Amino acid sequence: MSGLGPAARDALVAAARRAADSAYAPYSGFHVGAALLFDDGAIVTGANMENASYGLSLCAETVACALASHAGRRGGLVAVAVLGGPGGRIDAPVTPCGRCRQVLSELAQLGGTDPLVLSVGAHDVLETRLSVLLPHAFGPAQLG
Ligand code: THU
């Protein structure tokens, strides 16, 4: 049970796929797209943005969260789709990296949601929840 209908799911995955076309990944050649679905139906996307100082590179999910924050969103995150691969060719499912899990978690915790995470591969979709990818997450509530 995903909690997301097939049309909403298809739209989210399609948005992530389009986003991957905007990846700036000249160093790894690994193009990633992410799409965030909010409870009002809005979708915010991002793509990875690398840097000649490699460690400064930003992942697609983090870029999407930053854009959502900039648009004033402070919660309401219900689902995330992420996909990508070498040159944008999708092969294995891409799961959010550890840093992105924490970044996504901030946005989710602000609105008290536990987003569905769709990691889309060429032949299979890994479907999980953010709380499974990042159990016992640190968050704003712990700062008192
Ligand atoms: N990347 C993402 O954008 N999201 C992930 O969840 C995993 C990795 C990017 C970072 C880097 O630009 C490239 O993929 C290879 O690691």
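Small disclaimer: the values here were computed from a predicted structure and weren't measured.

### A few points about the site of the ligand
Next up, step 1: Taken together, Ser-28, Phe-30, Val-32, Asn-48, Glu-50, Cys-59, Ala-60, Glu-61, Thr-95, Pro-96 and Cys-97 form the complete shell of residues around the ligand.
Next up, step 2: Thr-95 places a main-chain nitrogen or oxygen 3.4 Å from an oxygen atom of the ligand.
Next up, step 3: Taking Cys-97, its main chain carries an N or O atom lying 3.3 Å from an oxygen atom of the ligand.
Next up, step 4: Here the ligand has 370 Å² of accessible area as a free molecule, and 78% of this is covered by the chains.
Next up, step 5: Counting only elements with at least two residues in the shell around the ligand, the list comes to strand E1 (30–38) and helix H2 (60–70).

### Details of unusual backbone geometry
Next up, step 1: A positive phi angle, close to 55°, is found at His-136, a residue other than glycine.
Next up, step 2: For His-136, a relative accessible area of 81% puts it in the exposed group.

### Things to note about the side chain of Glu-50
Next up, step 1: Structurally, the position occupied by Glu-50 is in the loop between strand E2 (43–47) and H2.
Next up, step 2: Among buried Asp, Glu, Lys and Arg side chains, Glu-50 stands out as unpaired, with Arg-99 the closest opposite charge at 13 Å.
Next up, step 3: One polar contact links the side chain of Glu-50 to the main-chain amide nitrogen of Tyr-27, over a distance of 3.1 Å.
Next up, step 4: Residues contacting Glu-50, with those up to four places away along its chain left out, are Tyr-24, Ala-25, Pro-26, Tyr-27, Ser-28, Phe-30 and Ser-57.

### Remarks on the side chain of Glu-61
Next up, step 1: You can see Glu-61 is positioned in helix H2.
Next up, step 2: Here Glu-61 is in contact with Ala-34, Val-82, Pro-96, Cys-97, Cys-100 and Leu-104, once residues within four sequence places are set aside.

Rules used throughout
- Residues numbered from 1 in each chain as written.
- Predicted model: local features only at pLDDT ≥ 70, side-chain atom pairs only at ≥ 80, totals over all residues.
- Heavy atoms only, no water.
- Near = heavy atom within 4 Å.
- Polar contact = N/O pair within 3.5 Å; in protein donor to acceptor, adjacent residues only side chain to side chain.
- Areas by Shrake-Rupley, 256 points an atom, 1.4 Å probe, with all protein chains shown as cover.
- Helix = DSSP H or I, 4+ residues; strand = E, 2+ residues; numbered from the N terminus.
- Buried < 20%, exposed > 50% of the residue type's maximum accessible area, 1.4 Å probe, protein only.
- Lys, Arg positive; Asp, Glu negative; His and termini not counted.
- Salt bridge = Lys/Arg side-chain N within 4 Å of Asp/Glu carboxyl O.
- Contact = heavy atoms within 4.5 Å.

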